[in-house]
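Tertiary structure, described
The residues making up each chain are set out below.
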Amino acid sequence: MKRVINIIAGSLFLMTVFSSCNAYLDKAPEEDIKIEDAFLKRNYAEAFLTDCYAGIPLESYFVYMADINPFTVASDEMNVPWPEYFCKTMNRGAMNPYNAAGQFWINFYEGIRKCNIFLKYIDLTPVNKDFSQQEKDTWIGEATLLRAFYHFLVIRIYGPCIIMDHAVSGDEDMNALQRSPLDDCIQFVADEIDKAIPLLPAKISSGKDVGRLNAALGYAIKSRLFLYRASDLWNGNPLYKGYAGANGVVIFPQTKDESWWAKAAEASKKCIEFCEANGYAIYRSASNDPVANYAEIFTNKDNNEVIFARQFGADNFFDHCAFPRALGGWCGYNPTQAQVDAYEMADGSTPITGYNPDGSPVINPASGYKETGFATEPSPDGRWVAGVSNMYVNREPRFYASINFNGAIFKDHQIELWKTGADGQGIEGRDYCTTGYLLRKHADPASDLIRGAINNKTWSLFRLGEIYLNYAEALNEAEGPVEDVYKYVNTISVRFGLPGLPAGLSKEAMRE
């Protein structure tokens, strides 16, 4: 009898559990809505638009996540001590279809799909006293420009892409989606930008909408896109001779078209004129010190040179990678010697003109650069202290804003990167400097990693200074070193304490 009672009790318990589960899984009607219904409410539509921004890349991550920005370390400008990351795989030439972990194509097309869905349904969102037609048009402009931006990001990496101008339905033939010829892709992006610009504010400098797309970004994307199209990368590059997509259509330009340089110059000039008419300007620090002028472009998130920046909050990853060990960092972002050699001297002369077969530098004696001895006096402006190697004396201001070298002062700490120094490898082994240099550029001196004090960060994706140089480069190729080429290059150089370009340069010398 006891056994029967136990069985009955157990059955009742299970019935109670399953009954509770079924009740838990039951949904109220309002919990399960169709996307059309979601766009009937302003706050749901705005949340969907906000999610469209999620695919914008966080380019300050040079390692750690393969789908962010592995290209800096995979080039010749920087190294990191961590061998397992994808950037090092690229640098070793070991990348293949099986270990390529990058998610660029997936992330950007996910962003494009979200934009397409938003644009498909936003007409359903009713205009009323809480949601004006002007605000609705601005949202449409954001989604249109954002879709163009994602296409540009795909093109930047892969060249010709699949143009997605509509929300794909479940019954659509996916095999029909093919990469379009490059010029069709470029035209699509340019046309989308032209549609978006009139709908967007020129500049957003304060308030809750900071970080949202603006009209100036449209002009900036077109400047960069046309410059890429004009360059040897895509302008009749013989590496792409006869290169076709899966459908047999040749997708890269097969002949060189020099007219693209004039188009690129025109796009950049329009961007400059629009930006300068709407409050953007070349940044100078309060002190107008050339080192601060350069350093603060990347750490002062409120400067008027920034056209568009990725907002990412109180993130300490970059600072951890760049800071010395004594300040709580990992000594991980290591500029190469070749990158250090590329900086000029204070007078604008080139210190190193090349390398001998054994790797030793070819030193320009007229520059005053020395690789032996140590400074006997400190710099009067604090750029170096007595005792540092002469290699780091009398270099241009950008060098001191970008590179932390042995003996440099950073946050009142003197850098010691040798093995037994305060910032050296010690006995821990994993986090250490591999080149003798740390990246100072972008590192936020206001961060305190030891106490966990981190500021909100931004990463500039487009700056007015870039557009100046885009314009100068394109104009030089289109017309030679005319007055505007000198004007815009010198505007950038002079604020960083460099002398202006010498007069009478040829087109080839200006290009160099």
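Residues numbered from 1 in each chain as written. Predicted model: local features only at pLDDT ≥ 70, side-chain atom pairs only at ≥ 80, totals over all residues. Heavy atoms only, no water.

Let's shift gears to the overall build of the protein chain. Each helix and strand counted, the protein chain has 17 helices and ten strands in total. When the backbone C-alpha atoms are referred to their principal axes, the protein chain occupies close to 100 × 65 × 50 Å. Classification of the 512 residues of the protein chain by burial places 46% in the buried group. Surface summary for the protein chain: the accessible area is close to 25400 Å², and the carbon and sulfur share equals 53%. The protein chain carries 48 positive and 64 negative side-chain charges, and their two centres are separated by 3 Å. (Helix = DSSP H or I, 4+ residues; strand = E, 2+ residues; numbered from the N terminus. Buried < 20%, exposed > 50% of the residue type's maximum accessible area, 1.4 Å probe, protein only. Areas by Shrake-Rupley, 256 points an atom, 1.4 Å probe, with all protein chains shown as cover. Lys, Arg positive; Asp, Glu negative; His and termini not counted. Charge placed at Lys NZ, Arg CZ, Asp CG, Glu CD.)

Moving on: the nonpolar core. Of all hydrophobic cores here, the largest spans 138 residues; its most connected members are Phe149, Ile307 and Tyr333. When residues in this core are grouped by element, the largest group, eleven residues, is from helix α7 (residues 133–158). (Core = buried A, V, L, I, M, F, W, Y, C linked by side-chain atoms within 4.5 Å.)

Here we come to the pattern of salt bridges. Where charged atoms of side chains with opposite charge meet at close range, the side chains can pair. Evaluated as defined, the whole model comprises 29 salt bridges. Its salt-bridge partner being arginine 495, residue glutamate 305 comes within 2.7 Å of it at the nearest N-O pair. Of this pair, glutamate 305 sits in the loop between α11 (290–299) and β2 (306–313) while arginine 495 sits in helix α16 (residues 483–495), placing them 190 residues apart in sequence. (Salt bridge = Lys/Arg side-chain N within 4 Å of Asp/Glu carboxyl O.)

Okay, the packing of helix α6 (residues 104–121) against α7 next. One can describe the packing of α6 onto α7 by two numbers: an axis separation of 9 Å at closest approach and a directional angle of 160°. Taken together, the axes of α6 and α7 lie roughly antiparallel to each other. For α6 against α7, the interelement crossing comes out left-handed. Where α6 abuts α7, its residues Phe104, Trp105, Phe108, Tyr109, Gly111, Ile112, Cys115, Asn116, Phe118 and Leu119 lie against Trp139, Ile140, Ala143, Thr144, Leu146, Arg147, Tyr150, His151, Leu153, Val154, Ile157 and Tyr158. Of the residues that constitute the contact of α6 with α7, the class distribution is 17 nonpolar, four polar and one charged. (Axes fitted to C-alpha atoms, helices over the stretch in contact; angles between N-to-C directions. Parallel < 35°, antiparallel > 145°, perpendicular 65-115°, else oblique. Left-handed = near helix turned anticlockwise from the far one by under 90°. Contact = heavy atoms within 4.5 Å. Nonpolar A, V, L, I, M, F, W, Y, C, P; charged D, E, K, R; others polar.)

To continue, consider the state of the cysteines. Tallying each qualifying case throughout the model produces zero disulfides. With no disulfide of its own, cysteine 87 lies closest to cysteine 321 among cysteine sulfurs, the gap being 9.9 Å. In this structure cysteine 87 comes out as buried when scored by relative accessible area, which is 1%. Residue cysteine 185 stays outside any disulfide, its sulfur separated by 3.8 Å from that of cysteine 161, the closest cysteine. Overall, cysteine 185 belongs to the buried group, its relative accessible area being 1%. (Disulfide = S-S within 2.5 Å.)

The pairing of strand β4 (residues 352–355) with strand β5 (residues 361–363) spans three bridges and is antiparallel. Residue tyrosine 355 lies in a different strand from β5, and its bridge partner there is proline 361. Hairpin connection from β4 to β5: five residues lie between these consecutive antiparallel strands, with glycine 359 at a positive phi of about 90°. (Pairing = 2+ DSSP bridges.)

Below, the discussion takes up helix α8 (residues 182–196). Structural remark: α-helix, 3.6 residues per turn; residues separated by three or four positions point the same way. In a regular helix each residue adds 1.5 Å, so 15 residues correspond to 21 Å; α8 covers 21 Å between its end C-alpha atoms and thus fits that length. Along its buried surface, α8 packs onto α7, α9 (215–230) and α10 (259–277). (Expected span 1.5 Å × (residues − 1).)

Another point: the packing of aromatic side chains. For the structure on display, the rule yields 41 aromatic pairs. When the centroid spacing of 5.5 Å and the interplanar angle of 15° are considered together, the rings of phenylalanine 399 and phenylalanine 405 count as stacked. Neither phenylalanine 399 nor phenylalanine 405 differs from the other in exposure class; each is buried. Taking the centre distance of 4.8 Å and the plane angle of 85° together, the rings of tyrosine 468 and tyrosine 488 count as edge-to-face. Here tyrosine 468, found in helix α15 (residues 464–479), pairs with tyrosine 488, found in helix α16; they are 20 residues apart in sequence, far enough to count as distant. For the pair tyrosine 468 and tyrosine 488, one class covers both residues: buried. An aromatic cluster is present here, built from Tyr343, Trp384, Tyr392, Phe399, Tyr400, Phe405 and Tyr437 joined pairwise through their rings. Just above the ring of tyrosine 280 sits the side chain of lysine 203; from NZ or CZ to the centre is 5.2 Å. Cation over ring: arginine 395 sits above phenylalanine 399, and NZ or CZ is 5.1 Å from the ring centre. (Phe/Tyr/Trp six-rings, centres within 6.5 Å; stacked < 30°, edge-to-face > 60°. Lys NZ or Arg CZ within 6 Å of the ring centre and 35° of its normal.)

You can see arginine 383 is positioned in the loop between β5 and α14 (397–402). Side chain to side chain, arginine 383 and aspartate 381 meet in a polar contact 3.1 Å long. Not counting residues within four places of it along the chain, the set of residues in contact with arginine 383 comprises Asp289, Pro290, Val291, Pro397, Tyr400 and Phe405. (Polar contact = N/O pair within 3.5 Å; in protein donor to acceptor, adjacent residues only side chain to side chain.)

Once that is clear, we can look at the packing of α15 against α16. At a minimum axis distance of 8 Å, the contact between α15 and α16 shows a crossing angle of 145°. Where α15 crosses over α16, the handedness of that crossing is left-handed. Residues Gly465, Tyr468, Leu469, Tyr471, Ala472, Leu475 and Asn476 of α15 lie in contact with α16, whose contacting residues are Asp484, Val485, Tyr488, Val489, Thr491, Ile492 and Arg495. Class assignment for the residues of the contact of α15 with α16 results in nine nonpolar, three polar and two charged.

Attention now goes to the pairing of strand β10 (residues 457–463). One face of the sheet, then the other: side chains in a regular strand alternate in exactly this way. Burial within β10 is extensive, with five of its seven residues counted as buried. One ladder, built from six bridges, connects β2 with β10; its direction is antiparallel. Directly across from alanine 309, in β10, lies its bridge partner serine 460.

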